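# Fold and contact review
The primary structure of each chain is shown beneath.
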Amino acid sequence: MIPAPFDYVRATSVAHALDVLGEHGDHAKLLAGGQSLLPMMKLRLATPEILVDIGDLGELRFVRRDGETVVIGGGARYADLVASDVIRQSVPLIARAARRVGDAQIRYRGTVGGALAHADPAGDLPAAILAMDGTIVISGPRGIRTVAAADFFVDYYTTALACDEILTEIRVPATGAEKCWYERFSERSAGWPLVAVAVAGTRIALAGMGPTPLRATAAEDVLAAGGDFAGAAELAAAGTTPVSDHRADADYRRHLARVLTHRALQRAHSR
Ligand SMILES: Cc1cc2nc3c(=O)[nH]c(=O)nc-3n(C[C@H](O)[C@H](O)[C@H](O)COP(=O)(O)OP(=O)(O)OC[C@H]3O[C@@H](n4cnc5c(N)ncnc54)[C@H](O)[C@@H]3O)c2cc1C
């Protein structure tokens, strides 16, 4: 449980962090809250030669409303989202998902940028941001680019980010009045979800049902055609590829997707 030796640079700005990344290529890794990267380094699943610490960059740690959009800085922590009136009022789905992550320590250290870049398929925020049709803003040596959340998650722990880029913002539509709910199942009160379901209007996103967060498109189609929640929930797992592992087999995960989707739709639309 001891990481391989590494150098450490505390970035003084996003521009400084980009310079260091540019200099060291894929030998460098950004460090934000450290809640995923440090355990991986201790297990030697990650062995960066240099860590570029962006955890204290104030320019990345913000939440603001910009017209009909809510803009979340890549360095905003889960606890910032839970405490933010803007998030609670304009994108309550994200407040609900952030509140369910891990325990207080994880929520005080873990960042939105780190969670999305780490891209665990069972992560809470990736599914919520996918359901919200969010947009990811990325800064790199070639300038600033935006990627739709639907295109950002590429495979297990793999995103559209290049090794010399930084996730600087997440943009989500301010749809405060839209019916939404976040439902998850975990065997432990402060544990990762086995499966989670984010509902925003008629959009449904699933966590833990494949290599990336997924939209439950077959269920969404049932709703779009005027079908009821039970009929939609029956198809929540259609086309998904959940794993079987020591926590649960794939059939159980499919069962959870159906049950949680039904519950999330009912709770979202009964409010
Ligand atoms: C005990 C425990 C329980 C947990 N429970 C949950 C849970 O229930 N639900 C859940 O969703 N998550 C859970 N997590 C994971 C947690 O959400 C992590 O905080 C999150 O995945 C990573 O955020 P971080 O800021 O700590 O990133 P770090 O660990 O610092 O970095 C993670 C990865 O993202 C990269 N990165 C970080 N910031 C950026 C950026 N701005 N741009 C580009 N790349 C970046 C890093 O280089 C690294 O590869 C848990 C973690 C632990 C240790």
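Residues numbered from 1 in each chain as written. Predicted model: local features only at pLDDT ≥ 70, side-chain atom pairs only at ≥ 80, totals over all residues. Heavy atoms only, no water.

### Digging into the site of the ligand
Near the ligand lie 29 residues; those nearest to it are Leu30, Leu37, Tyr78, Thr111 and Asp124. One nitrogen or oxygen atom from the main chain of Leu167 is found 2.8 Å from a nitrogen atom belonging to the ligand. When isolated, the ligand has an accessible area of 980 Å², and the protein chains bury 88% of it. For the shell around the ligand, the secondary structure elements donating two or more residues are strand S2 (28-31), helix H7 (112-118) and strand S10 (166-173). For the shell around the ligand, the element with the highest residue contribution is H7, accounting for 5 residues. (Near = heavy atom within 4 Å. Polar contact = N/O pair within 3.5 Å; in protein donor to acceptor, adjacent residues only side chain to side chain. Areas by Shrake-Rupley, 256 points an atom, 1.4 Å probe, with all protein chains shown as cover. Helix = DSSP H or I, 4+ residues; strand = E, 2+ residues; numbered from the N terminus.)

### Section: the pattern of salt bridges
Considering all chains together, one arrives at 18 salt bridges under this definition. Between Arg61 and Asp80 there is a salt bridge; the shortest N-O distance is 2.8 Å. Linking Arg61 in the loop between strand S3 (50-53) and strand S4 (63-66) with Asp80 in helix H3 (residues 78-83), this pair joins segments that are 19 residues apart in sequence. The salt bridge partner of Arg247 is Glu187, with a shortest N-O separation of 2.7 Å. Here the residue Arg247 occupies a position in the loop between helix H11 (229-234) and helix H12 (250-269), and Glu187 occupies one in the loop between strand S11 (180-185) and strand S12 (195-200), the gap between them amounting to 60 residues. For Glu187, a relative accessible area of 44% gives the class partly exposed. Through salt bridges that share partners, Arg142, Arg145, Asp164 and Glu165 make up one connected network. (Salt bridge = Lys/Arg side-chain N within 4 Å of Asp/Glu carboxyl O. Buried < 20%, exposed > 50% of the residue type's maximum accessible area, 1.4 Å probe, protein only.)

### Brief notes about the side chain of Glu183
Within the element layout of this structure, Glu183 appears in strand S11. Its relative accessible area of 8% is what places Glu183 among the buried residues. In terms of polar contacts, Glu183 uses its side chain to reach the side chain of Arg267, at 3.4 Å. When neighbours within four sequence positions are excluded, Glu183 is seen to be in contact with Ala196, Val197, Leu260, Arg263, Ala264 and Arg267. (Contact = heavy atoms within 4.5 Å.)

### Let's talk about helix H5 (residues 92-99)
Among the 8 residues of H5, 7 are classified as buried, and the element is accordingly described as predominantly covered. Taken as a whole, H5 has its buried residues at Pro92, Leu93, Ile94, Ala95, Arg96, Ala97 and Ala98.

### Some words on the packing of aromatic side chains
The final tally for this structure, using the stated rule, is 2 aromatic pairs. Ring centres 6.4 Å apart and planes at 85 degrees place the aromatic pair Phe185 and Tyr252 in the edge-to-face group. Taken together, the positions of Phe185 in strand S11 and Tyr252 in helix H12 put the pair 67 residues apart, joining distant regions of the chain. (Phe/Tyr/Trp six-rings, centres within 6.5 Å; stacked < 30°, edge-to-face > 60°.)

### Details of empty space enclosed by the protein
Considering all chains together, one arrives at 1 cavity of 30 Å³ or more under this definition. The computed volume of the largest cavity comes to approximately 40 Å³. What lines the largest cavity is Ala32, Ile54, Gly55, Leu57, Leu60, Gly74, Gly75 and Thr111. The residue makeup of the lining of the largest cavity, split by class, is 4 nonpolar, 4 polar and no charged. (1 Å grid on protein atoms, 1.4 Å probe; cavity = no way out; pocket = protein on both sides within 12 Å on 5 of 7 lines; lining within 4 Å. Points joined across faces, edges and corners; volume = space filled by probe spheres on them. Nonpolar A, V, L, I, M, F, W, Y, C, P; charged D, E, K, R; others polar.)

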